[in-house]
Amino acid sequence: MECRIFDNYNDLSDAAAELILGIVERKPEAVLCFATGNSPVGTYKALAGMAKERGTDFSQCFCFGLDEWLGVPPEKSGSCHYLLFDQVFRPLGIKEEQTHLFNGMTTDVTTECRIMNGEIEHVGGIDCMLVGIGLNGHIGFNEPGVDMESGAHEQELHESTLASGQLYFNEPTAIAKGITLGMGQVMNARTLLILANGKSKAEIIHKACEGPVTNDVPASYMQKHRHAVLMIDKEAAAALSK
Ligand code: GLP
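Residues numbered from 1 in each chain as written. Predicted model: local features only at pLDDT ≥ 70, side-chain atom pairs only at ≥ 80, totals over all residues. Heavy atoms only, no water.

**Some remarks on the nonpolar core**
The nonpolar side chains of soluble globular proteins are, as a tendency, buried together.
Thinking step 1. Counting 77 residues, the largest nonpolar core has Phe34, Phe58, Met129 and Met231 as the members making the most contacts within it.
Thinking step 2. With 9 residues, helix α1 (residues 9–26) is the largest single contributor of residues to this core.
Thinking step 3. Discounting chain neighbours no more than four positions away, the residues touching Met231 are Arg4, Phe6, Leu12, Ala15, Ala16, Leu19, Leu193, Ile194, Leu195 and Ala196.
Thinking step 4. Within the second largest apolar cluster, 8 residues are counted, among which are Trp69, Val72, Cys80 and Phe169. (Core = buried A, V, L, I, M, F, W, Y, C linked by side-chain atoms within 4.5 Å. Buried < 20%, exposed > 50% of the residue type's maximum accessible area, 1.4 Å probe, protein only. Helix = DSSP H or I, 4+ residues; strand = E, 2+ residues; numbered from the N terminus. Contact = heavy atoms within 4.5 Å.)

**So, the site of the ligand**
Thinking step 1. Inspection of the region around the ligand gives 15 residues, with Asn38, Ser39, Asp67, Tyr168 and Lys201 positioned closest.
Thinking step 2. Between the ligand and the protein, one listed contact pairs an oxygen atom with a side-chain N or O atom of Ser39 at 2.4 Å.
Thinking step 3. Take Gly140: an N or O atom from its main chain is 3.3 Å from a nitrogen atom of the ligand.
Thinking step 4. Here the shell around the ligand is composed, by residue class, of 5 nonpolar, 8 polar and 2 charged. (Near = heavy atom within 4 Å. Polar contact = N/O pair within 3.5 Å; in protein donor to acceptor, adjacent residues only side chain to side chain. Nonpolar A, V, L, I, M, F, W, Y, C, P; charged D, E, K, R; others polar.)

**Quick notes on the sheet that holds strand β1 (residues 2–6)**
Thinking step 1. Across the sheet, 7 strands lie side by side as β1-β10-β9-β6-β2-β3-β5; this open sheet has parallel pairing. Each of the sheet's edge strands pairs with one partner strand only, and the pair in question is β1 and β5 (99–100).
Thinking step 2. In terms of strand pairing, strand β2 (residues 31–34) meets strand β3 (residues 62–65) through 4 bridges, oriented parallel. Among the inter-strand pairings, Val31 is bridged to a residue of β3, identified as Phe62.
Thinking step 3. Running at roughly 140° to β2, helix α3 (residues 80–92) makes contact with β2, β3 and β5 of the sheet. (Pairing = 2+ DSSP bridges. Axes fitted to C-alpha atoms, helices over the stretch in contact; angles between N-to-C directions.)

**A look at the pattern of salt bridges**
Thinking step 1. Per the counting criterion, the structure on display carries 8 salt bridges.
Thinking step 2. The salt bridge partner of Asp7 is Lys234, with a shortest N-O separation of 3.1 Å. Highlighted residues: Asp7 in the loop between β1 and α1 and Lys234 in the segment after β10 (228–233), separated in sequence by 227 residues. An identical accessibility class is assigned to Asp7 and Lys234; each is exposed.
Thinking step 3. Here Asp127 makes a salt bridge to Arg190, at a shortest N to O gap of 2.8 Å. Of this pair, Asp127 sits in the loop between α4 (109–122) and β6 (128–132) while Arg190 sits in the loop between α6 (183–188) and β9 (191–196), placing them 63 residues apart in sequence.
Thinking step 4. Its relative accessible area of 8% is what places Asp127 among the buried residues.
Thinking step 5. The class of Arg190 is partly exposed, set by a relative accessible area of 33%.
Thinking step 6. The structure contains a network of salt bridges with shared partners spanning Glu18, Glu25 and Arg54. (Salt bridge = Lys/Arg side-chain N within 4 Å of Asp/Glu carboxyl O.)

Here it is in structure tokens:
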């Protein structure tokens, strides 16, 4: 695992955008996967600006969404679907047919997951997956205790995930479960880009990077990933000893 520490969130966001652009410039038909949340917002802004400036072409890429709130419709402003189109796909000119996202309104989660797993296999796996880290060490909605070889699955969400999740919505929203790519898919991504910023993430970054590799802290598995790049700011790095 490569760990890069930046002076501030802007530098971190620019570097993350640069890494993604580099992948797409080398492989225009790259398969990408994006998370929502606060951590990547700056990266998405930088990505749109830099792609425009450099004329990077995303028209041959294929993109997956990492996760979604079950029971939340795609058009609702805090849904992962809404945010990915708003922050990533539209600014980069990525069309709907170049994307595959979970449908939070599905009434058949098993089929929804089977189709997602099949799509990822069909396109030959994910070249670059961008993820954030939850306060309890989750990645996507892979909460502590998750099967580390899992594919797409439904997940009961922890208290802390539900509390921070509520903040993405502009009105109180009933959320209890998520649907997510599994840790098997996170571990199989050819590049795993993990972002964290701010002092609230310092303790979990310490555990994930310097603690034991355990499914109690799903993010700790990045230590074993064949190509994980962790980008954090100074505040999130504050509890690291090395
Ligand atoms: C959320 C999402 C993840 C996100 C993570 C961190 O619950 N399911 O996809 O990466 O938690 O969010 P943030 O970047 O806002 O801290």
